[in-house]
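# Architecture and fold: a report
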Amino acid sequence: SPRRDFLAKTIATTSLLLTTTASAPLPSRAKEPTEPLTRELVTSTFQSIRDELTSPTGVVPTLTSLLDGKSYAQILQYTKESDAYFRKGKLGK
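First, a word on scope: everything that follows refers to the structure included in this document. (Residues numbered from 1 in each chain as written. Predicted model: local features only at pLDDT ≥ 70, side-chain atom pairs only at ≥ 80, totals over all residues. Heavy atoms only, no water.)

### Some remarks on the overall build of the protein
Counting secondary structure elements, the protein contains four helices and zero strands. Ordered by position from N to C terminus, the α and β elements of the protein give α-α-α-α. Considering the protein as a whole, with its 93 residues, one finds that 11% of them fall into the buried category. (Helix = DSSP H or I, 4+ residues; strand = E, 2+ residues; numbered from the N terminus. Buried < 20%, exposed > 50% of the residue type's maximum accessible area, 1.4 Å probe, protein only.)

Given below as structure tokens:
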């Protein structure tokens, strides 16, 4: 039937289009130069992470307090902010 033929062609064309589009390589961009990786940088980065995890005012105690208080809106906001802080400030990403 014409309807069945149309559907078969449409599905085949869509599948081909998706396969072609998904497998096409994306253009690359040159990565910005970063700070060279040194023993001191690695040590200080891991120490910063340890400090955040063990400090009474760090990430874990703050999240524990927010969870205990069931402050879900504050938990969402805090996790966004702490993630951005950690990635940019501590890990340099």
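Back to the write-up after that little detour.
### Brief notes about the nonpolar core
Within the largest apolar cluster, five residues are counted, these being V59, L66, I75, Y78 and F86. The element best represented in this core is helix α4 (residues 72-90), accounting for three residues. (Core = buried A, V, L, I, M, F, W, Y, C linked by side-chain atoms within 4.5 Å.)

### Topic: helix α2 (residues 39-54)
Along its 16 residues, α2 runs 22 Å from first to last C-alpha, staying within 8% of the 22 Å computed at 1.5 Å per residue. Considered for burial, the residues of α2 that qualify are T45, S48 and E52. Buried positions in α2, seen along its axis, are confined to an arc of 60° and lie on one side of it. With respect to the buried face of α2, the exposed residues turned more than 90 degrees away are R39, E40 and T54. (Expected span 1.5 Å × (residues − 1). Arc of directions from axis to C-beta.)

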